[in-house]
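Chains, contacts and geometry: an overview
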Amino acid sequence: MGHCGKDEVNYWEIFVIKIIKLVFFFFCLVFAVSAESILFEAEMFETRGGWVVDPQFMDQMGSPYLLAHGLGKPVADAETKVMFSTSGNYRVWVRTMDWVARWQASGSPGKFQLLVNNTPLPVTFGTEGAQWHWHDGGLLSVKKGEISLQLHDLTGFEGRCDAILFSTDLKMQPPSEKAELNRLRRKLLGIAEQPQSVGTFDLVVVGGGTAGTCAALSAARLGLKVALVQDRPVLGGNNSSEVRVWLHGARNLEPWPHVGDIVAELEQAARAHYGPANTAELYEDERKLALAMAEPNLKLFLEHRANNVIRDQNRITAVIAQDINSGGRLRLNARYVADCSGDGCVGFLAGADFDMTPKGRMGPCNLWHVRPTSIPQSFPRCPWALDLTDKPFPGRSKTKPQPDRLGGWYWESGFDIDPFEDIEAVRDWNFRAMYGAWDAIKNVDGQLSDYELGWSAYIMGKRESRRLMGDVILSKEDVLSNRSWDDACVPTGWKFDLHLPDPKYENGFEGNAFISRAHFTSYQGPYWVPYRILYSRNIENLFMAGRDVSVTHDALGTVRVMRTGGCMGEVVGMAASVAVKHNVTNRDVYTKHLSELKMLMSVGVGRLSPDAIKPDYGLGISSRAPKKAISVKPPDWLSKAGTNLCLSAEVDAEGVGAVELKGIERINDGKADIFQNEQRWISPKKMPLVIEFKWKKPQKFTTLRISSGYAQGTSVIAPVNAWTLAVWNGDAWVEVPAAQVRDNTDPQRYVHFPVQSTQRIQLRIESSKDDIARLWEVELYQCN
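Note that the coordinates shown come from a computational prediction; the quantities given were computed from them, not determined experimentally.

What follows covers the side chain of Arg91. Among the secondary structure elements, Arg91 is positioned in strand S5 (residues 88–96). At 3.0 Å, the side chain of Arg91 forms a polar contact with the side chain of Asp136. If we skip the residues at most four places from it in the chain, Arg91 touches Asp136, Gly138, Leu139, Leu165, Phe166, Ser167 and Leu170.

Structure follows, in structure tokens:
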């Protein structure tokens, strides 16, 4: 046997290598089969404690997460049980982030622990990584059976957890790329590769804000089989308890007085705008849900996020919606679709033409407020928040801070930031502004010692992103020139209102301001927008309603408010019913069946009696309506009446708590402009309501004037209906018969009576719309 030369083949060596490779292959196969990995999504915790589910960024990360939204106070633990089928050593991974690290801010505010059987892992989470990633929690020895898990918040400052992964493959590195991570989720959670079909619908509405809810109710009441997909547990969107924004705009006006009937049904009875009076209960979430659930043709898919579509040429044939709690996916086959998402999400996924202003957009808010307490409240320093140590912001004053100016609509950011890929950073910037402002007031200025952070929205109130293009793109010039349309269908009722950074507060935050200023342009209104802005020009079965309709950036400033969006939704529901009836495209409703759509608009789809619905012209426009404006000319006697005695009085309301009492000083501040609603004090829902005025020495007076109600366009509605005036004689309260008023309809009612002399009076309000007194001013004069 000769020796193998350099170029000769060594068959024995090849055989040994193959054997080694084969053994290694089988070893890896056996290990892979025997390795156990358990994925637990944070939103699946059985008890969430004080943690909240945040689904706003699912499109970017594939899943919602739990957020410890405690306003600086650690939230209660989230708790659950997990079953392990195999004993052994597991590596623990927690998907999280240090949410301020993207700005290289000092400190890690979102710290939390993972407890296993009540014992914390040695690692503190939320302390590293500017992006979502898997934080290595170390090794854990687990016995077969059930174990308990707890998410334990350490700070109350927005800690966040997406998922927890246990694996006996100690070298496993979980994926972070979205598509690969979603495949892992489906594999380990047992989620089917194909979405589960839940049937075919005449209309699938995506987005359960005011616009989407109105579209769904309108179509369902007209006989269509409707699905409403909403990623929150409540309806209303910005007009829900989660965001807390009023409805604005017009409805129920000629020539289409029934467009707005459903909006009127959804509208809450009472409202507040600033401070702790703006409570969750005002938004009546349960009543909105009840209205939707009462419709037999409407199926609600709450807590589902639409994040994919199936398209056949230029039609959407199905919408895919993901359960934000389980991750399961549903397929909703659709004849027609309404994109009421606000962000144009469905249209974007379907390839609909759209536009988006690249910079200088209006940004989202996270409204917040502070509230008074009975004892001093401390607040920790926040070095990771925006440093506002020497910066001005609304509500700040070294002598007299204004707590109701903290957290209003103008606390807004993201004007130049990508509203999709970077939207979590925009929301977090709002958080940093809030915490930085409160840190400055409490710890730098030493003000408001007996106040605490009372509430903050973690769900953003958005204003502007994508606008889906229709056959008409409404412009600001169209409105200003009063251009008319043969398919006019929805009234505006709001000035052009565009938000940009406020230069007073931008110094040091150029390019990422956190306070806005409204830029208004008035016009003669109401203006009626055309149906052709409510459907896509290139997806033939796609409608839209709300702030993603076919308008320019400037025109969005007048149509974006929610009453207007709700009216759009009502018309979209009507148009969908016409399209279903005739099996035609969204465009054909205009070109072939416009008269039928107008017939439906003339009848409406509301359930309230006509007497219960009053026209609403909105605010901030000059009305063309055939309705005489109220006179604001002061009465002749006022110029000779002398000083308003109430200006020097102390004012209080009997049986009204400190929170509801905030702002009562407005009723004797000398401002009685009855077209400025923000100058009023809104009482709690309480009748009778007793308001007392006190002076240091007796006052003589003969005339009482009360300015009350709610300004709507050129009208003022809901003035105080009935009251009695009582004076203190030193021993008892004595009513003044001549000052008693019943059945009042005058927003600036005055009464003369015999001269009275006292140091104390009571204004006893006995009746007002919705049992709420809306007061601009109470005035007392001594007239000769």
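Read on, since the account is not over.
Quick look at the sheet that holds strand S6 (residues 112–116) now. Strand pairing in a sheet relies on backbone hydrogen bonds. The paired strands run either parallel or antiparallel. Ordered by their spatial adjacency, four strands build an open sheet running S4-S9-S6-S7, and the pairing between neighbours is antiparallel. Two strands close off the open sheet at either side, each with one partner strand: strand S4 (78–84) and strand S7 (119–120). Note that S6 and strand S9 (residues 145–153) share five bridges and pair antiparallel. Bridging across to S9, Gln113 finds its partner in His152.

The next thing to look at is the layout of surface pockets. The space that makes up the second largest pocket amounts to roughly 930 Å³. Ranked by residues supplied to the lining of the second largest pocket, first place goes to strand S24 (residues 516–521) with four residues.

With that out of the way, let us pick up the pairing of strand S10 (residues 157–161). Within S10, five of the five residues are buried, which leaves it mostly tucked inside the rest of the structure. Pairing analysis gives four bridges linking strand S3 (residues 65–69) to S10, with the strands arranged antiparallel. In the sheet register, Leu66 faces S10, and the bridge partner there is Cys161.

Attention now goes to the sheet that holds strand S11 (residues 163–167). Strand order in this open sheet of four strands is S1-S11-S5-S8, and the pairing throughout is antiparallel. The sheet is open, and its two borders are formed by strand S1 (37–41) and strand S8 (133–142), each paired with just one other strand. On average, each strand axis in the sheet is tilted by 20° relative to the strand beside it, whichever way the strands run. Where S5 lies against S8, nine bridges are found, and the strand directions are antiparallel.

As enumerated under the stated definition, the model contains 28 aromatic pairs in all. A ring pair is formed by Trp384 and Tyr435, whose centres lie 5.5 Å apart and whose planes are at 70°; its orientation type is edge-to-face. Taken together, the residues span a long stretch of sequence, with Trp384 in the loop between strand S19 (368–372) and helix H8 (423–444) and Tyr435 in helix H8 at a distance of 51 residues. We note that Trp384, like Tyr435, is buried. Summarising the aromatic geometry, the rings of Trp637 and Tyr781 are spaced 5.7 Å apart at their centres and angled 70° between planes, so their arrangement reads as edge-to-face.

As a further point, take the nonpolar core. Counting residues in each nonpolar core, the largest one holds 94 residues, and the members touching the most others are Tyr531 and Phe543. With residues near it in sequence (within four places) discarded, Phe543 still touches Tyr336, Val337, Ala338, Asp339, Tyr531, Leu534, Tyr535, Val572, Ala575, Ala576, Ala579 and Asn586. Of all hydrophobic cores here, the second largest spans 45 residues; its members include Leu67, Phe431, Ile459 and Tyr505.

With that out of the way, let us pick up the pattern of salt bridges. Within the structure shown, the criterion is met by 45 salt bridges. With its nearest N and O atoms 3.2 Å apart, the salt bridge here joins Asp343 to Arg547. Of this pair, Asp343 sits in the loop between strand S17 (329–339) and helix H7 (345–350) while Arg547 sits in the loop between strand S27 (542–544) and helix H10 (553–559); the two residues are 204 residues apart in sequence, bridging distant segments of the chain. Neither residue differs from the other here; Asp343 and Arg547 are each classed as buried. A salt bridge links Arg427 to Asp428, with the shortest nitrogen-to-oxygen separation between them at 2.9 Å. Here Asp428 falls in the buried class, since its relative accessible area comes to 0%.

This paragraph deals with unusual backbone geometry. Here the residue pair Glu254 and Pro255 is connected by a cis peptide bond, since its omega of 10° sits within 30 degrees of zero. Summarising the element assignment, Pro255 is placed in the loop between strand S13 (226–230) and helix H5 (261–266). The amide bond that connects Met687 to the next residue, Pro688, takes the cis arrangement and shows omega of 0°. Tracing the sequence through the fold places Pro688 in the loop between strand S30 (681–682) and strand S31 (689–708).

Within the element layout of this structure, Asp162 appears in the loop between S10 and S11. What makes Asp162 buried here is its relative accessible area of 0%. A C-alpha to C-alpha distance of 9.4 Å links Asp162 and Met61, two positions 101 residues apart in sequence. A polar contact is formed between the side chain of Asp162 and the side chain of Arg95, at a distance of 2.8 Å. In terms of polar contacts, Asp162 uses its side chain to reach the side chain of Arg185, at 3.0 Å.

Conventions used here
- Residues numbered from 1 in each chain as written.
- Predicted model: local features only at pLDDT ≥ 70, side-chain atom pairs only at ≥ 80, totals over all residues.
- Heavy atoms only, no water.
- Helix = DSSP H or I, 4+ residues; strand = E, 2+ residues; numbered from the N terminus.
- Polar contact = N/O pair within 3.5 Å; in protein donor to acceptor, adjacent residues only side chain to side chain.
- Contact = heavy atoms within 4.5 Å.
- Pairing = 2+ DSSP bridges.
- 1 Å grid on protein atoms, 1.4 Å probe; cavity = no way out; pocket = protein on both sides within 12 Å on 5 of 7 lines; lining within 4 Å.
- Points joined across faces, edges and corners; volume = space filled by probe spheres on them.
- Buried < 20%, exposed > 50% of the residue type's maximum accessible area, 1.4 Å probe, protein only.
- Axes fitted to C-alpha atoms, helices over the stretch in contact; angles between N-to-C directions.
- Phe/Tyr/Trp six-rings, centres within 6.5 Å; stacked < 30°, edge-to-face > 60°.
- Core = buried A, V, L, I, M, F, W, Y, C linked by side-chain atoms within 4.5 Å.
- Salt bridge = Lys/Arg side-chain N within 4 Å of Asp/Glu carboxyl O.

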